[in-house]
Every structure is written in structure tokens, then in C-alpha cells.
Amino acid sequence: MASHPEQYSYQIHPLAEHFLSLEQAADREGYEIYTATSPSPGFAAGCEQAARLPAEPAADLLRQAHALGAGQAALVGAWSAADEPSLPRWSLEQFGRDDLPVQDAMIANGLERLPVEDLPWLLDRLFRLGRQWVFVKAELGAEGSMIGSLDGWRTLVRRVALRYPDRCWQLDCRDRRGARSASGRTSRSAAGMDGSCPGSGCCWARAPATMPS
């Protein structure tokens, strides 16, 4: 017998608010299904892909970090630091270790090559280890995925950043047309509970700055 939508009555479950509060509490505590000690099954393969990315220069970003008062910085992912060979550099695979030292700034690249299920704990680790500033340079993931749009990337980073309101952060990502834009929090003044910043000049979003070559 065929079913018809008008035959159904949708009601709010009596425990809906309870389960919503549990979910919100888990978000506040940073609970994730996968963690550094137990990453997703595709994590190792994603790290191998990221390791094959061409190394990009980090000199401008290091100057930006120093300008924000960061005395120590570490590079995570595909970066070239020929001008500062003594700088700590960790692959994405190494970033899962629990003995990495805290730095003033963490500068990461190539996260989009990893399974999206691993991105929350990786971002949390960036914020945990970067006590002043976190920079993420990224590309869009598959369409329809959690990082398949600029808004998706921003939402993910902001969700993690809410746990670290004293950190500055910047997300630099290119859209489907190849235009690169940046957004983040550039002041360590108190952020709003939704990740917004109440003060003038606290948060910023730069319009696309570069077009594809």
C-alpha cells in the first residue's frame, strides 16, 4: 500500500532538548569521533598525499607572525623555510604526536588533503599548540563536503576557535574560481560567544586578492 505525506504527523520528540544539550556540551568540550591517538582509517593516505604537495614559501607569513608579536613559530605541512632552517617543521603525520612543544604561532598548509573527519582534531591541536596565532592556508575540498565551500571552511575553523578566544587566527582559502580570500580574528580582545567580535577592527574578511594564473 502506497504511503502519502499527508498521512504522517511530525511531532517534536520529548527528549529533543535533552539530546541537543548533550550535543552542545560535546561541542564545547571538543569531543570528536576521531582524535590524534585514533585518527580516521584514511588519515595515513591523506598524509601521504599532503607530503607530495610542492613546498610553498613561508617568509611573508613568518614576518606577519612576528609583527603580531609571535617570537616562536612552527610550520606544519608543505612549507619551505630555506631562509630560517632552524624553524620547527612538522609533517601532518608528525602533528599527531603528543610531545610537540607549544609555539607562539602555528602555520599550516595542505589540510584539505586529509579526511574531513580528522580536520576538527587537527585544527584543535593547532590552536592548542599556537598560543597566540594560528594560520591555515587551504584549498576547497570535494563539493558537498564539510570544506567544499569557503563558508564551510570558515564555519569549521570558527567552531574550533570558540574554545580558544585568546588566539588570533587567519584562514586563507581559494574559491572555485581561483580567487583567494582571507578571514579570521586579528585581535586577541574578547570574541562573542558565536565567534563574532564586538570591537571595531577585531575581525576581518578580506575580499579576493589574487586571481588564478
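The structure contained in this document is the topic of the report that follows. (Residues numbered from 1 in each chain as written. Predicted model: local features only at pLDDT ≥ 70, side-chain atom pairs only at ≥ 80, totals over all residues. Heavy atoms only, no water.)

**Some thoughts on the packing of helix α4 (residues 119-129) against helix α5 (residues 150-161)**
Packed helix pairs are specified by the crossing angle of their axes together with the interaxial distance, meaning the distance between the axes. It is at 9 Å that the axes of α4 and α5 come closest, and there the two elements cross at 50°. When the axes of α4 and α5 are compared, the pair comes out oblique. As for the relative orientation of α4 and α5, their crossing is right-handed in sense. Contact with α4, carried on its side by Leu119, Pro120, Leu123, Asp124 and Phe127, involves Trp153, Leu156, Val157, Arg159, Val160 and Ala161 of α5 and no other residues of that element. Of the residues belonging to the contact of α4 with α5, the class tally is nine nonpolar, no polar and two charged. (Axes fitted to C-alpha atoms, helices over the stretch in contact; angles between N-to-C directions. Helix = DSSP H or I, 4+ residues; strand = E, 2+ residues; numbered from the N terminus. Parallel < 35°, antiparallel > 145°, perpendicular 65-115°, else oblique. Left-handed = near helix turned anticlockwise from the far one by under 90°. Contact = heavy atoms within 4.5 Å. Nonpolar A, V, L, I, M, F, W, Y, C, P; charged D, E, K, R; others polar.)

**Details of the environment of Ala138**
Mapped onto the elements of the fold, Ala138 is located in strand β6 (residues 130-139). For the pair Ala138 and Ala108, spaced 30 residues apart in sequence, the C-alpha separation works out to 8.4 Å. Setting aside residues no more than four positions away along its own chain, Ala138 makes contact with Glu112, Trp153, Leu171, Asp172, Cys173, Arg174 and Arg180.

**A few points about the pattern of salt bridges**
Here the structure, examined in full by the defined rule, presents twelve salt bridges. Arg128 serves as the salt-bridge partner of Asp124, at 3.0 Å between the closest nitrogen and oxygen. Of this pair, Asp124 and Arg128 are both found in helix α4, four residues apart, which corresponds to roughly one turn of the helix. Between Asp151 and Arg154 there is a salt bridge, with the nearest N and O atoms lying 3.5 Å from each other. Taken as a pair, Asp151 and Arg154 lie in helix α5 at a separation of three residues, close to a single helical turn. When its relative accessible area of 18% is taken as the criterion, Arg154 is described as buried. Through salt bridges with shared partners, a single ionic network connects Glu139, Asp172, Arg174 and Arg180. (Salt bridge = Lys/Arg side-chain N within 4 Å of Asp/Glu carboxyl O. Buried < 20%, exposed > 50% of the residue type's maximum accessible area, 1.4 Å probe, protein only.)

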